[in-house]
Amino acid sequence: TVFMQNQDLFDVARVEVLKGPQGTLYGRNSEAGVINIVTRQPDNTPRGRLFGEFSMYDTNHGGAPGYQVGGSASGPLVKDKLFINLAGKWNYDLGAIRNEYSKRDDANEIKRITGRGQLRWTPTDRLDISLLADAANSHDKFGYGHYIDGPFKTDFHKISRNDDDNRHWRGN
């Protein structure tokens, strides 16, 4: 699904690449190896991060703006015992493809909100319990695949289709 292909990674601590069969640790479907992405655990150190991005893709039918805004915050709720981590991102991109059939410039528009929350409890030195929650909401349009010849031939940044190009999903 699209959710797995466009996974937003928040607060990555490290990436482990393990070559060869890893069935003992990760199960029978890890015959060729494993890519293990380890996120940062919340602890007694307060952390925060904000970011933003603006883009403009120039096409032969005008500009296509895009925006990304996100952030994360983590720290202790109860010192040495209870910690929290919250992260999220909003992504909007008008897209660079125009649908000549519908006369719309948003044939591959992206509207996506993703987030993650983590609650970590360490009641003793030997016990560490984490509760994780991920959520995503997307209203992406997939207006791709223009024809280079034939009756529906279009320029590079244009398509001619009579569907709405919508693909919506929610994940958690």
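This one's a predicted model, so the numbers in the text were calculated from it and none came from an experiment.

Parameters and conventions
- Residues numbered from 1 in each chain as written.
- Predicted model: local features only at pLDDT ≥ 70, side-chain atom pairs only at ≥ 80, totals over all residues.
- Heavy atoms only, no water.
- Helix = DSSP H or I, 4+ residues; strand = E, 2+ residues; numbered from the N terminus.
- Buried < 20%, exposed > 50% of the residue type's maximum accessible area, 1.4 Å probe, protein only.
- Contact = heavy atoms within 4.5 Å.
- Areas by Shrake-Rupley, 256 points an atom, 1.4 Å probe, with all protein chains shown as cover.
- Salt bridge = Lys/Arg side-chain N within 4 Å of Asp/Glu carboxyl O.
- Patch = residues over 30% accessible without salt bridge, like charges linked within 9 Å, V, L, I, M, F, W, Y side chains within 5 Å.
- Polar contact = N/O pair within 3.5 Å; in protein donor to acceptor, adjacent residues only side chain to side chain.
- Phe/Tyr/Trp six-rings, centres within 6.5 Å; stacked < 30°, edge-to-face > 60°.

Visitor: Can you walk me through the overall build of the protein chain in this structure?
Guide: In terms of regular secondary structure, the protein chain is built from two helices and ten strands. Looking at the protein chain residue by residue over its 172 residues, the buried ones come to 32%. Sequence-distant contacts in the protein chain: of pairs separated by 6 or more residues, those separated by 24 or more amount to 54%. As displayed, the protein chain offers around 11,500 Å² of accessible surface, 54% of which is attributable to carbon and sulfur atoms.

Visitor: Could you clarify how one ought to interpret the pattern of salt bridges in this entry?
Guide: Side chains bearing opposite charge may pair, as long as their charged atoms lie close to each other. Counted according to the given criterion, the structure contains four salt bridges. Among the salt bridges present, the one from arginine 116 reaches aspartate 11, with a minimum N-O distance of 4.0 Å. Separated by 105 residues along the polypeptide, arginine 116 in strand 7 (residues 110-124) and aspartate 11 in the loop between helix 1 (2-5) and strand 1 (12-19) bring together distant segments of the chain. Among the salt bridges present, the one from aspartate 128 reaches arginine 120, with a minimum N-O distance of 2.7 Å. Residue classification places aspartate 128 among the partly exposed positions, given a relative accessible area of 43%.

Visitor: Can you walk me through a nonpolar patch on the surface in this structure?
Guide: Together, Leu9, Val12, Val15, Val17, Ile35 and Ile37 give the surface a local cluster of nonpolar side chains, amounting to about 530 Å² of exposed area. Elements supplying a minimum of two residues to the nonpolar patch: strand 1 and strand 2 (33-39). It is strand 1 that contributes the most residues to the nonpolar patch, three residues altogether. Among the structural elements, valine 12 can be located in strand 1. Valine 12 sits in the partly exposed class, given a relative accessible area of 32%.

Visitor: Hey, could you run me through the side chain of aspartate 11 in this one?
Guide: Taking the relative accessible area as the measure of exposure, aspartate 11 reaches 16% and is therefore buried. One polar contact links aspartate 11 to asparagine 85, side chain to side chain, over a distance of 3.3 Å. Not counting residues up to four positions away in its chain, the partners in contact with aspartate 11 are Thr39, Arg40, Ser72, Asn85 and Arg116.

Visitor: Just to check I follow, could you spell out the packing of aromatic side chains for this structure?
Guide: Aromatic ring pairs: the centre-centre distance and the angle between the two ring planes describe each pair. All chains considered together, the criterion is met by three aromatic pairs. When the ring of tyrosine 67 is compared with that of tyrosine 92, the centres are 6.1 Å apart and the planes differ by 25°; the resulting orientation is stacked. Of this pair, tyrosine 67 sits in strand 4 (residues 62-78) while tyrosine 92 sits in strand 5 (residues 82-93), and the two are 25 residues apart along the sequence. On the basis of relative accessibility, which here comes to 34%, the residue tyrosine 67 falls in the partly exposed class. Judged by centre distance (6.5 Å) and plane angle (10°), the rings of tryptophan 90 and tyrosine 92 are stacked.

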